[in-house]
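Residues per chain, in single letters:
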Amino acid sequence: MTSKFLVIGSNSFSGAYFVRYLLEKNYTVLGVSRSEEINKVFLPYRWLKEEKSFHYKRIDLNRDLEVLIDLIKEKEPEYIVNFAAQGMVAQSWLTPEDWYQTNVVAQVKLHNKLKDLEFLKKYVHVTTPEVYGSTKGWVKENFNFDPSTPYAVSRASCDLHLNSFYKAYNFPVVFTRAANVYGPGQQLYRIIPRTIFLALTKGSLQLHGGGYSVRSFIHMADVANATLKVALKGKIGETYHISKKSTISIRDLVSKICKMLEVNFNDLVEETEDRLGKDQSYLLESSKLREELGWIDTIQLDEGLRETLSWVKGNLSALKELPLDYQHKR
């Protein structure tokens, strides 16, 4: 029989892309998210031409935990992959209590229920490199955390909590930390689709701190492939970094997109002060995933940018009617 997956946070960009990947592999998938299904332009699993074995239910971890647990007990998914988190680093300074509620308190309550389910083979917790703070060189997987924002502190706290559950109960958790993801279907408040959209619509792009921070961008298709490998073959209690071996500054990334679109960099960009607590770099050493699970990244940045550019152009009229900026939900 085909394994059953529950994807929590299935309407996030990463969650929706992973749902699509699972469906293409013919897995049975249940998706839950606190948000209603948004415009399908942001839901890659809704782009599939054939009907697949997928069911969606709107569930808020902060308010509907018992509903979720009842659903899990009814459907008995063997694998749970959790993308749900209050994101957005800069905004976490404004109401940090919302980030701690969603990313720590609600998650701890969920895990305390999941730890007693005998049918659960693996719980994949999708976390973030921001728990490390600004890295000095390429870092291997560890729990030596130095978070610098309320968002990062909340994610680090949950990671440490889950590690304690693994040690105390042998809870079947594995962690993934991915570099900066991108691809078709990503929300417009993220740097790559935002740059493309504003360049096409003659808008103005704010470049915090001049854009000199360094990141490693990885296509979500490569991340989805890695996440499935971790779910099926990852060792319980272990962490796996998902990252390319190349980096680029935000400034050079924006410049690259400008050249692709034949837009003048200075006409598009407005340089502003840096964000509070922004880390200079996240460099994740990914040899563990490559050597133990046989993963390789396949999509180069230029190819992925062209694909994302094609998606923005093809859906430009719809995107113009949708919010450009992050919409905070409590």
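Residues numbered from 1 in each chain as written. Predicted model: local features only at pLDDT ≥ 70, side-chain atom pairs only at ≥ 80, totals over all residues. Heavy atoms only, no water.

## Side note on the pattern of salt bridges
A complete count under the given rule lists 14 salt bridges for this structure. A salt bridge links R20 to E24, with the shortest nitrogen-to-oxygen separation between them at 3.4 Å. With R20 and E24 both in helix α1 (residues 13–24) and four residues apart, the pair spans about one turn of that helix. The buried category is assigned to R20, whose relative accessible area is 19%. Looking at E24, the relative accessible area reads 40%, which means it is partly exposed. One salt bridge in this structure joins D60 and R63, with 2.6 Å as the shortest N-O distance. When its relative accessible area of 57% is taken as the criterion, R63 is described as exposed. When salt bridges with common partners are traced through the structure, they connect K244, R290 and D297 into a single cluster. (Salt bridge = Lys/Arg side-chain N within 4 Å of Asp/Glu carboxyl O. Helix = DSSP H or I, 4+ residues; strand = E, 2+ residues; numbered from the N terminus. Buried < 20%, exposed > 50% of the residue type's maximum accessible area, 1.4 Å probe, protein only.)

## Side note on the sheet that holds strand β6 (residues 173–178)
In spatial order, the strands read β3-β2-β1-β4-β5-β6-β11; together these seven strands make up an open sheet with parallel pairing. For this open sheet the edge positions go to β3 (54–58) and β11 (239–242), each flanked by a neighbour on one side alone. Averaged over neighbouring strand pairs, the angle between their axes works out to 20° when direction is ignored. One ladder, built from four bridges, connects strand β1 (residues 4–8) with strand β4 (residues 79–82); its direction is parallel. (Pairing = 2+ DSSP bridges. Axes fitted to C-alpha atoms, helices over the stretch in contact; angles between N-to-C directions.)

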